[in-house]
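Descriptive analysis of the structure
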Amino acid sequence: MDYTEGTEQHKIKRAKKMMLWFGIISLSMSFAGLTSAYVVSKERPDWLTDFQIPQAFYSSLVVILLSSITVHLAKMAITKEQNKKGMLFLIATLLLGSAFVFFQFRGFSQIIANGYYFTGSESTITTSFIYLVVLLHLAHVSAALISILVVIYNHYKLKYTNGKTLGIELAATFWHFVDILWIYLFLFFYFVR
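Residues numbered from 1 in each chain as written. Predicted model: local features only at pLDDT ≥ 70, side-chain atom pairs only at ≥ 80, totals over all residues. Heavy atoms only, no water.

1. What about the overall build of the protein chain?
- In terms of regular secondary structure, the protein chain is built from 5 helices and 0 strands.
- Listed by position from the N terminus, the elements making up the protein chain come as α-α-α-α-α.
- For the protein chain, buried positions account for 41% of its 193 residues.
- As displayed, the protein chain offers around 10700 Å² of accessible surface, 66% of which is attributable to carbon and sulfur atoms.
- Seen as two clouds, the 16 positive and the 10 negative side-chain charges of the protein chain have centres 12 Å apart. (Helix = DSSP H or I, 4+ residues; strand = E, 2+ residues; numbered from the N terminus. Buried < 20%, exposed > 50% of the residue type's maximum accessible area, 1.4 Å probe, protein only. Areas by Shrake-Rupley, 256 points an atom, 1.4 Å probe, with all protein chains shown as cover. Lys, Arg positive; Asp, Glu negative; His and termini not counted. Charge placed at Lys NZ, Arg CZ, Asp CG, Glu CD.)

2. A look at the packing of helix α4 (residues 125-156) against helix α5 (residues 166-191)
- Where α4 contacts α5, the two axes come as close as 9 Å, and the packing angle between them is 160 degrees. Looking at the two axes, α4 sits roughly antiparallel to α5. Read as a crossing pair, α4 and α5 show a hand that is left-handed. Contacts between α4 and α5 involve Ile130, Val133, Val134, His137, His140, Val141, Ala143, Ala144, Leu145, Ser147, Ile148 and Val151 from the former and Gly167, Ile168, Ala171, Phe174, Trp175, Val178, Leu181, Trp182, Leu185 and Phe189 from the latter.
- When grouped by side-chain class, the residues that make up the contact of α4 with α5 number 18 nonpolar, 4 polar and no charged. (Axes fitted to C-alpha atoms, helices over the stretch in contact; angles between N-to-C directions. Parallel < 35°, antiparallel > 145°, perpendicular 65-115°, else oblique. Left-handed = near helix turned anticlockwise from the far one by under 90°. Contact = heavy atoms within 4.5 Å. Nonpolar A, V, L, I, M, F, W, Y, C, P; charged D, E, K, R; others polar.)

3. Details of the nonpolar core
- Membership of the largest hydrophobic core comes to 54 residues, with the highest contact counts inside it found for Tyr38, Phe57, Val134, Trp182 and Phe189.
- Counting residues per element, the ones that place at least two in this core are α1 (8-41), α2 (55-79), α3 (83-113), α4 and α5.
- Here this core gets 13 residues from one element, more than from any other, and that element is α5.
- Excluding anything up to four places from it in sequence, Val134 contacts Phe57, Gln104, Phe108, Trp182 and Phe189. (Core = buried A, V, L, I, M, F, W, Y, C linked by side-chain atoms within 4.5 Å.)

4. A word on the environment of Ser28
- Here Ser28 lies in helix α1.
- On the basis of relative accessibility, which here comes to 32%, the residue Ser28 falls in the partly exposed class.
- Separated by 153 residues in sequence, Ser28 and Leu181 have C-alpha atoms that sit 8.0 Å apart.

Purely geometric stuff here, so don't read any function into it on its own.
Now the structure itself:
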């Protein structure tokens, strides 16, 4: 395939998608490095072997899976120019994303309530790793929420018509990435203790 061919608009669209994928791959490598460091640190004598994932993290897993469905349905509706339906699914995605953030902080509260701290003299390397990885993921969820807000605004202004759906495509791809990333992190923390 010759990437120099095609309209200018097609080239810009392809370039923006490639930049997003470059970012996703870079972020994936960062999280792979953090989880690798977690595995290596398990050999430390002060590693917690009885640490349990907080119940709120299970709830956040369900919420983020639902949000992946709603963002997909939003993208499909907007592509078919079903504007009201698309807006409802976008708002549902935003609410589910906000609920995910809420459950993450509730999970932090549950960890602290169980006597595990993230920093200070009472912290452990285990909880510090969990805190770092989850907060880093939350930063990316926040970026995804901002992208959903931008898409909601642009959709309200009817900018996604006549096949011009690049904004929702990029936002949905990034949203699915943070969803998949949380599933990976959850399963990682569940199985690697």
